[in-house]
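Coordinate inspection notes
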Amino acid sequence: MDTSDELLLDIQHLHTAFRVHDHFYDAVDDVSLTLHKNEILALVGESGSGKSTLATSIIGLHNPRNTKVTGDIMYNELNLVGLSEALFNRIRGNDIGMIFQDPLSALNPLMRIGDQIAETLVYHTKLSEKEREARVLELLDQVGIPDPPLTAHQYPHELSGGMRQRVMIAIAIACKPPIIIADEPTTALDVTIQAQILDLLEDIQKEIGSGILLITHDLGVVAETADTVAVMYSGQIVEQGTVYQVFENPLHPYTRSLLRSMPQADSDDEELHVIQGTVPSLVNMERSGDRFAPRIPWIPESAHEANPVLHEAEPGHLVRCTCYKTFYFPDEKPEAAAAGAAGNNVQNPSEGA
Amino acid sequence: MSLIEIKDLNVHYPIRSGFFNRITDYVYAVDGINFNIEEGETYGLIGESGSGKSTTGKAIVGLEKVTSGQIIYNNQDITDRRTRKKMHYNKDVQMIFQDSMSSLNPRKRIEDIIAEPMRNFESLTDTEERDRVKELLDIVGMPSDSIYKYPHEFSGGQRQRIGVARAVATHPKLIIADEPVSALDLSVQAQVLNFMKKIQKEFDISYLFISHDLGVVKHMCRNLAIMHRGRLVEVGTREDIYNNPQHIYTKRLLAAIPKVNPSGREADKAHRRAVEKEYQEHQEKWYDKDGKVFPLQQISDTHYVALPPDEIAQMKTEVG
Amino acid sequence: MWKTILRRVILMIPQIIVLSLFVFILAKMMPGDPFTGLITPQTSPAQIARLRKEAGLDNPWYVQYVDWIGRALHGDFGMSYQMQRPVTSIIGERAINTLYLSILSVVLTYLIGIPLGVAAGRYEGTWIDTSIQFYNFISMSTPGFVVYMLAIALFGFALGWFPTSGSISVNASGVIGTIGSRIYHIILPSLLIAILGNASIVQYLRSGIVDNKLEDYVKTARSKGVPERVVFNRHILRNSLLPIAAFFGNVITGLLSGSVFAETIFAYPGMGKLFIDSVSGRDYSIMTALILLYGILTLLGNLLSDIIMSIVDPRIRID
């Protein structure tokens, strides 16, 4: 990615809170991000990290009755936070295209494929019905559907999973949007199909120069496709940088733990690394201090910041909390563990960091 | 001797059509496969959706009617339901499912869920039973007060551990694990896999590990088979398959796994595209005229590949 | 598709035979016979025996069954013992009456039910939804005959707005007069049937909308920039109408079977009232004919439901 590329999306201090029993809890907590033209920005995290919530906040799909979005999402001088429905409908589909995880449930079972793609064109272009039909066939061809006229007349259940996801991509790119949000676009697909879909996304991006926000839990997918990466934990970004910075020099304990728990080892006698404890739920989430601290209890409290902020470890590489400087895995520095926090790693940190 | 031998297993589903709804064709979900699982090992069965891997697993536990072939366990063919019942086969062979939410009865408490298989085969007093359940929960690292709770009160990883506890309740010899960690987050997946290994050592259990995830299978299994279109395309040790894949389908599958190595990604992509190109261009060579996978040929002590006939001839001339 | 429909119809034959056997045996097992009601202290046992013999009631049951089914195939269900008229013609004239009443009640049921279901589903959790749910709760739990009798007392006798019995006024003349009189007689009962009987439609529609609102394809539609009104009508509502469309096949069954309670209380000469009368009069020839007819209608209704489903839902194919 060339950083001189045009800035598409500038997210500043975004909070997205959900109502649970008349209280609002931040699922996205003070997130700032930028997305440029031609950039693939991967948002990584496990379930409950807030990555999908962030995506739906950008495209404004939350039910305003039980969601509160604050902060700024700047797109071309336009703040998407608090935008009226009528204005937002001009942006959705036209400026931002969205691809969902499960293409079967994301397509209307009762509508023909062609009509579902054309629907986007109806609301954003002045094309006649004839022209729309032609454009639908063109799009189907562009996403690698072998027989566009046939597929346009088919229903979603008549297609394979990979073909359906291609159709979803055709819908998302129908108006050549500058921004594409892909929420776990390959999670429901087989690996060979996943490879094809990721290739397609990259090809499409080269053609129309969109910035892609790729949301995924699959570190392999990130390493293969992303230009920049933001790792999320408990609603916050804990590490951010180029894909090389994050994968070749991971700094935050969470990133390092995740990479370590991947089954990549060649020996089957080896135990996989397990992150202690569980991801806290939205309601039970600790709102102060380092949110990841309870899961690395062998790290002394003094290593964490009281109010962890993002630090620039190297140009463009951001890490939350200073604890990364002294972080080690229990089996890496046994002497340090014995001296520092002996036995601490077996019990739960009850007093909180 | 192997713990269980699968011999020429076939599971075919009839397709009915026409006015009289007669059987006009079959879906060859499992189409003549052979493999053995040794005592205490984890055997991997890899395939994409629709490959027949889950059907194979279900046929082994007896959840799917076998069309033909044998499943030899303790010198007996257990494809017949009465034989299974007579020899308490269902006590010895258990199953772990992918979706822990739908495979655990939402209206039953954990105690009853875990105790159910025991109740079918053993007569324990209430206190004995409760002690066993608590012991099992302890093995999978769950607090003993879980017995009073219901499945929805647990996270996905915890539920999958409960599924593991239920599966080991009858001290089985073999557990069929059908995509046991596919629905789980990375860190939780590691936890469940570790527990599966731990239990294997403690109770000397064998696993048939069914998965589409080549990374996980590589970690868990020393021997594995790749399944495609109802047949096995390649069988061998981990080294055979991952370091020396022979069948185009295996190569394609391996090339498609994204690697956690951004600096090598351009090379990986080029390799993947080359394999994909070869697959597209020479696909028909690797399958017979009906699109079926060829029979397996032995190419080393441990390595079997579904090679096309001309390839075999070529290899024979090379050797001879 | 035509092949499948034909096959389904052929497959109905054994079902209908089993049903007819069942109906026949059941009728035979009931205490009393058609003459029980005609017997007076003056009737001699010999007379009864002669009557029974003439009606073929002394034959073995299977002979009686074959006789009955053979005649039924020719549209002859015998004579009504009570009314001394052919069963077929009695059912024929009653069926017309029921058809009028049923069509109007079905139309009204949908006219009231669909908007209520849409409102409840769309404004789920608001006071609108709560009030509709409350109304359905009341309409479900109130016995129909109570409301019918109250309505007759109030609108029929006290206010005199509507007739209290019959299907047509005796002095109605001319085409317009006849039709007007018929409609005038069925407005009150059909309106009440609709008001009390729309709960299943409202609830199906409401839960369909509530479920479909959360579906991914609705999110897709919104992410395309489709205005909310269109998202609701084209995506949510259309998909939510599926179960109601399927339900429609069974409505056809109801069109001819009629409402037993409403017809009886409104003394409306339809199929429902005929059924009750035949049961209480032990008029077996009518009763068996009706049960058989209802059974066949149910089978046809189910087939119709499947055909409708295959037309409205592309995922369902019946070929």
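Residues numbered from 1 in each chain as written. Chains lettered and ligands numbered in written order. Predicted model: local features only at pLDDT ≥ 70, side-chain atom pairs only at ≥ 80, totals over all residues. Heavy atoms only, no water.

Describing the overall build of chain C
The helix and strand tally for chain C stands at 14 helices and zero strands. Going from the N terminus to the C terminus, chain C shows its helices and strands as α-α-α-α-α-α-α-α-α-α-α-α-α-α. Once the C-alpha set of chain C is aligned to its principal axes, its extents read approximately 85 × 55 × 40 Å. Classification of the 319 residues of chain C by burial places 41% in the buried group. A fraction of 71% describes how many contacts in chain C between residues 6 or more apart in sequence connect residues 24 or more apart. When the accessible surface of chain C is summed, it comes to about 16500 Å², and 70% of that surface belongs to carbon and sulfur atoms. Taking the average place of the 24 positive charges on the side chains of chain C and the average place of its 18 negative ones, the gap between the two points comes to 5 Å. (Helix = DSSP H or I, 4+ residues; strand = E, 2+ residues; numbered from the N terminus. Buried < 20%, exposed > 50% of the residue type's maximum accessible area, 1.4 Å probe, protein only. Contact = heavy atoms within 4.5 Å. Areas by Shrake-Rupley, 256 points an atom, 1.4 Å probe, with all protein chains shown as cover. Lys, Arg positive; Asp, Glu negative; His and termini not counted. Charge placed at Lys NZ, Arg CZ, Asp CG, Glu CD.)

Concerning the overall build of chain B
Within chain B, the secondary structure is distributed over 13 helices and twelve strands. For chain B, the C-alpha radius of gyration of 21 Å lies close to 20 Å, the compact-globule estimate for 320 residues. A principal-axis box enclosing the C-alpha atoms of chain B has dimensions of 70 × 60 × 45 Å. Across the 320 residues of chain B, 52% fall into the buried class. Intrachain contacts of chain B at a sequence separation of at least 6 include 63% that bridge at least 24 residues. When the accessible surface of chain B is totalled, it reaches about 14600 Å², and 47% of it is carbon and sulfur. A distance of 4 Å separates the average location of the 44 positive side-chain charges in chain B from that of its 46 negative side-chain charges. (Rg over C-alpha atoms; globule rule 2.2 N^0.38 Å.)

Here's the deal with the UniProt feature "transmembrane region" (unreviewed entry) in chain C
Residues and elements named next belong to chain C. UniProt records the feature "transmembrane region" (unreviewed entry) at residues 9-27, 99-123, 144-163, 183-205, 241-266 and 286-312, using the numbering of this structure. Secondary structure within residues 9-27 divides into 100% helix and 0% strand; the distance between the first and last C-alpha atoms comes to 26 Å. Taken end to end, residues 183-205 has its terminal C-alpha atoms 29 Å apart, with 96% of it in helix and 0% in strand. (UniProt positions renumbered as here; feature names shortened; annotations may be inferred.)

Here we look at the packing of aromatic side chains
Residue and element names in this part refer to chain A. Overall, the coordinates contain 15 aromatic pairs over all chains when judged by the stated rule. Between the aromatic rings of Y233 and F292, the centroid separation amounts to 5.0 Å while the plane-to-plane angle is 85°, which identifies the pairing as edge-to-face. In this pair, Y233 sits in strand β9 (residues 228-233) while F292 sits in the loop between α11 (253-260) and β11 (310-314), placing the two residues 59 residues apart along the sequence. In this structure, Y233 and F292 share a single accessibility class: buried. Following the ring pairs from residue to residue traces out a cluster consisting of Y233, Y254 and F292. Over the aromatic face of F88 sits the side chain of R92, whose NZ or CZ is 4.5 Å from the ring centroid. The ring of F329 has R260 sitting right over it, with the charged end atom 4.2 Å from the ring centre. (Phe/Tyr/Trp six-rings, centres within 6.5 Å; stacked < 30°, edge-to-face > 60°. Lys NZ or Arg CZ within 6 Å of the ring centre and 35° of its normal.)

Observations concerning the interface of chain A and chain B
Opposite the 41 residues of chain A that make contact, chain B presents 36 residues. Where chain A touches chain B, the interface holds five salt bridges. For E202 of chain A, the salt bridge goes to K269 of chain B, with nearest N and O atoms at 3.0 Å. Our count for the chain A to chain B interface comes out at 13 residue pairs in polar contact (both at pLDDT 80 or more). For the side of chain A that touches chain B, the secondary structure elements donating two or more residues are α8 (191-208), α9 (219-225), α10 (243-248) and α11 of chain A. Looking at the side of chain A that touches chain B, the element that brings in the most residues is α8 of chain A, giving eight residues. (Salt bridge = Lys/Arg side-chain N within 4 Å of Asp/Glu carboxyl O. Polar contact = N/O pair within 3.5 Å; in protein donor to acceptor, adjacent residues only side chain to side chain.)

Thoughts on the sheet that holds strand β10 (residues 236-242) of chain A
All names here are of chain A. What the eight strands build is an open sheet, ordered β6-β7-β8-β3-β9-β10-β12-β11; its pairing is mixed. Edge strands, defined here as strands with exactly one partner in the open sheet, are β6 (96-99) and β11. On average, adjacent strands in this sheet sit at an angle of 20° to one another, irrespective of strand direction. Against the sheet, helix α7 (residues 161-173) makes contact with β6 and β7 (179-183), and its axis sits at roughly 170° relative to β6, the strand it touches most. (Pairing = 2+ DSSP bridges. Axes fitted to C-alpha atoms, helices over the stretch in contact; angles between N-to-C directions.)

Focus: the interface of chain B and chain C
For an interface, size is often stated in terms of accessible area lost upon the parts coming together. With four residues of chain B at the interface, the matching set in chain C holds four residues. Carbon and sulfur atoms supply 64% of the area buried between chain B and chain C, which totals about 330 Å² over both sides. For the chain B face of the interface with chain C, the top three residues by lost area are G18, F19 and N21 of chain B, together amounting to 99%. One can count zero salt bridges joining chain B with chain C. (Buried area = accessible area lost by both parts, 1.4 Å probe.)

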